[in-house]
Amino acid sequence: MSQSLHLGIKGRIDITVDASVSAKQAASGEMDVFGTPYVIALMEQTADKSVRPYLEEGCATVGTLVNIRHIAATPMGMTAYAESELTEIDRRRLVFRVCVYDAVGLVAEGTHERFIIQKDAFMKKTENRGKE
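K.L.:
Please set out the overall build of the protein chain residue by residue, giving values where relevant.
P.N.:
Helices and strands together make up the secondary structure of the protein chain, namely three helices and five strands. On the principal axes, the C-alpha backbone points of the protein chain span a range of 40 × 40 × 20 Å. Within the protein chain, the fraction of its 132 residues that count as buried is 34%. Counted over contacts in the protein chain with a minimum sequence separation of 6, partners at least 24 positions apart contribute 65%. Summing over all exposed atoms, the protein chain offers an accessible surface of approximately 7,800 Å²; the carbon and sulfur share of this is 50%. One way to put it: in the protein chain the 16 positive side-chain charges average out to a point 4 Å from where the 18 negative ones average out.

K.L.:
So, the layout of surface pockets: which residues are in play, and what are the values?
P.N.:
Counted as a void, the largest pocket has a volume near 220 Å³. In terms of lining residues, the largest pocket is bounded by eleven residues, among which Arg92, Ile117, Gln118, Phe122 and Lys125 are the most central. With four residues, helix 3 (residues 119-127) is the largest single contributor of residues to the lining of the largest pocket. A per-class count over the lining of the largest pocket returns six nonpolar, two polar and three charged.

K.L.:
Account for helix 2 (residues 36-51), with residues named and values stated.
P.N.:
The first and last C-alpha atoms of helix 2 sit 23 Å apart over 16 residues, in line with the 22 Å expected at 1.5 Å per residue. Among all positions of helix 2, only Val39, Leu42, Met43, Thr46, Ala47, Asp48, Ser50 and Val51 are buried. In this structure, the buried side of helix 2 is in contact with strand 1 (10-16), strand 2 (59-70), strand 3 (79-90), strand 4 (93-102) and strand 5 (106-118).

K.L.:
I'd like a rundown of the side chain of Ser50, residues and numbers included.
P.N.:
Here Ser50 shows up in helix 2. For Ser50, the side chain forms a polar contact with the main-chain oxygen of Ala47, separated by 2.7 Å. With residues up to four places along the chain from it excluded, the contact list for Ser50 reads Ile9, Lys10, Gly11, Ser84 and Phe96.

K.L.:
Break down the packing of aromatic side chains for me, citing the residues and quoting the values.
P.N.:
Each aromatic ring pair is characterised by the separation of its centres together with the angle its planes make. Enumeration over the complete set of coordinates arrives at one aromatic pair. Stacked on the ring of Tyr81, the Lys or Arg Arg12 has its end atom at 3.6 Å from the ring centre.

K.L.:
How would you explain the pattern of salt bridges if you had to name every residue and give the values?
P.N.:
In the structure shown here, the tally under the stated rule is twelve salt bridges. The partner of Asp14 in a salt bridge is Arg12, with the nearest N and O atoms 2.9 Å apart. What makes Asp14 partly exposed here is its relative accessible area of 43%. Note on Arg12: relative accessible area 46%, which makes it partly exposed. The partner of Glu113 in a salt bridge is Arg93, with the nearest N and O atoms 2.8 Å apart. Of this pair, Glu113 sits in strand 5 while Arg93 is found in strand 4, placing the two residues 20 residues apart along the sequence. For the pair formed by Glu113 and Arg93, the shared burial category is buried. Salt bridges linked by common partners bring Glu88, Asp90, Arg91, Arg93 and Glu113 together as one network.

The rules behind these values
Residues numbered from 1 in each chain as written. Predicted model: local features only at pLDDT ≥ 70, side-chain atom pairs only at ≥ 80, totals over all residues. Heavy atoms only, no water. Helix = DSSP H or I, 4+ residues; strand = E, 2+ residues; numbered from the N terminus. Buried < 20%, exposed > 50% of the residue type's maximum accessible area, 1.4 Å probe, protein only. Contact = heavy atoms within 4.5 Å. Areas by Shrake-Rupley, 256 points an atom, 1.4 Å probe, with all protein chains shown as cover. Lys, Arg positive; Asp, Glu negative; His and termini not counted. Charge placed at Lys NZ, Arg CZ, Asp CG, Glu CD. 1 Å grid on protein atoms, 1.4 Å probe; cavity = no way out; pocket = protein on both sides within 12 Å on 5 of 7 lines; lining within 4 Å. Points joined across faces, edges and corners; volume = space filled by probe spheres on them. Nonpolar A, V, L, I, M, F, W, Y, C, P; charged D, E, K, R; others polar. Expected span 1.5 Å × (residues − 1). Polar contact = N/O pair within 3.5 Å; in protein donor to acceptor, adjacent residues only side chain to side chain. Phe/Tyr/Trp six-rings, centres within 6.5 Å; stacked < 30°, edge-to-face > 60°. Lys NZ or Arg CZ within 6 Å of the ring centre and 35° of its normal. Salt bridge = Lys/Arg side-chain N within 4 Å of Asp/Glu carboxyl O.

Following this line, the structure appears as structure tokens:
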């Protein structure tokens, strides 16, 4: 883990909601609104990208836990954005507060956990899964 990784690191990613991120596209529903799987993916992406500059060479983060409430529907064409803040560091375990907003207000909120991994070791272990 990098010495510069610290509490309070923030991230933000903006998107325009379109059919590619709809509930209908994700097969998680039949409505043309910002789909929950894509809301979660945006939260994860925001948290991951926020800490990348602070990781040692050869490291990355992987998502391990998501606990969110999706409380409002965002229509097609509206801009939405995710914000993340690193709130806990426990060795390789990172916990983020994550929220998504649109032009009207809060869309989703919760927590997201990621672990710092060594990319090569992680992929080797993954490729050997089930071969032992």
